[in-house]
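An overview of the molecular structure
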Amino acid sequence: MIDTFDPKGVVAPRPQHSEGMTLASGITMTPIGAVISDDLTFEDFEEGLKNCQVMANASLWTLGDILLYAEAKWGEKYAQAIELTKKSYATLSQAVRVSKSYPQDERLVDLSWSHHREAASIKDKDQRRQLLEQAAREGWSRDTMREMATDESKPKEEKPEKKCPSCGYVLKRSDLI
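A brief structural summary. (Residues numbered from 1 in each chain as written. Predicted model: local features only at pLDDT ≥ 70, side-chain atom pairs only at ≥ 80, totals over all residues. Heavy atoms only, no water.)

**Focus on the pattern of salt bridges**
One pass over the full model with this rule turns up eight salt bridges. A salt bridge links K100 to E71, with the nearest nitrogen and oxygen atoms 3.5 Å apart. Of this pair, K100 sits in helix α3 (residues 89-101) while E71 is found in helix α1 (residues 42-74), placing the two residues 29 residues apart along the sequence. E71 sits in the partly exposed class, given a relative accessible area of 22%. A network of salt bridges, in which partner residues are shared, links E106, K125 and R128. (Salt bridge = Lys/Arg side-chain N within 4 Å of Asp/Glu carboxyl O. Helix = DSSP H or I, 4+ residues; strand = E, 2+ residues; numbered from the N terminus. Buried < 20%, exposed > 50% of the residue type's maximum accessible area, 1.4 Å probe, protein only.)

Here's what the structure looks like:
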């Protein structure tokens with residue numbers, strides 16, 4: 001037994017979990033939550049939080065990749081996947097859609113799975129990649145990515161031609177400069 005911090009603010013003894021994964025010194029992730037040592041440093045807190053986010057992000061990509069593999073090898077088997085993962089059909093199909101949209105070499109490690117999901121509606125891969133790279137550079141939130149991706153996926157309005165009513169000459173932009 002080790003003393004650990006309880007989220008309710010009480011230091012209480014908890015059993016050590018043999019199934020745990022260390023996220024940082026003093027933080028162990030278990031199937032039911034985190035075991036956090038009472039003497040956790042702020043630096044270890046930051047490392048643990050960062051590693052937890054990496055794991056959460058990786059799990060969505062991994063779920064989609066595993067289901068894509070199974071789909072290719074054995075056909076669509078969502079009933080079994082729902083039973084095994086206890087996740088909804090919508091969650092599983094979304095994981096597959098995002099993984100299918102981004103082969104592993106097109107995924108940006110500096111952005112979350114959710115950022116990629118928001119940009120998946122952009123059909124032009126180069127345009128989508130540029131937007132993802134901009135989001136990573138500028139530190140966009142997922143909500144900002146959603147807003148920008150929505151703007152990018154809308155068809156661009158064509159500006160009407162400017163035509164001379166007398167001679168029919170079509171005015172070009174270079175004529176205006």
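There's plenty left to go through after this.
**Some words on unusual backbone geometry**
Working note: non-glycine residues mostly have negative phi, and peptide bonds are mostly trans. A positive phi angle, close to 65°, is found at K86, a residue other than glycine. Checked against the element boundaries, K86 lands in the loop between α2 (78-85) and α3. Judged by its relative accessible area of 69%, K86 falls in the exposed class.

**Describing helix α5 (residues 125-138)**
In a regular helix each residue adds 1.5 Å, so 14 residues correspond to 20 Å; α5 covers 20 Å between its end C-alpha atoms and thus fits that length. All of the buried residues along α5 are R128, L131, L132 and A135. In an axial view of α5, the angular spread of the buried residues amounts to 100°, which keeps them on one side of the axis. In α5, the exposed positions that point more than 90 degrees away from the buried face belong to D126, Q130 and R137. By the N-cap criterion, in which a side-chain oxygen at the helix start approaches the backbone nitrogen of a residue two or three places on, α5 is capped by D124, the distance to D126 being 3.0 Å. The positive-phi residue at the C-terminal boundary of α5 is G139, with phi of around 65°. (Expected span 1.5 Å × (residues − 1). Arc of directions from axis to C-beta. Polar contact = N/O pair within 3.5 Å; in protein donor to acceptor, adjacent residues only side chain to side chain.)

**Quick word on the nonpolar core**
Counting residues in hydrophobic clusters, the biggest one holds 15 residues, and the most contacted among them are Y102, L131, L132 and M145. Counting residues per element, the ones that place at least two in this core are α4 (113-119), α5 and α6 (142-153). By residue number, the principal contributor to this core is α5, which donates three residues. Not counting chain neighbours up to four residues away, the residues in contact with Y102 comprise W61, R107, H116, A119, A120, R128 and L132. (Core = buried A, V, L, I, M, F, W, Y, C linked by side-chain atoms within 4.5 Å. Contact = heavy atoms within 4.5 Å.)

**A word on the pairing of strand β4 (residues 27-30)**
As paired strands, strand β3 (residues 21-24) and β4 are joined by three bridges and run antiparallel to one another. By the bridge assignment for β4, T22 is matched with T28. With antiparallel pairing between neighbouring strands as the criterion, β3 and β4 make up a hairpin whose turn holds two residues, including G26 at a positive phi of roughly 95°. Pairing between β4 and strand β5 (residues 33-36): four bridges, direction antiparallel. Its bridge partner lying in β5, T28 is registered against V35. (Pairing = 2+ DSSP bridges.)

That's the geometry; what it means functionally is another story.
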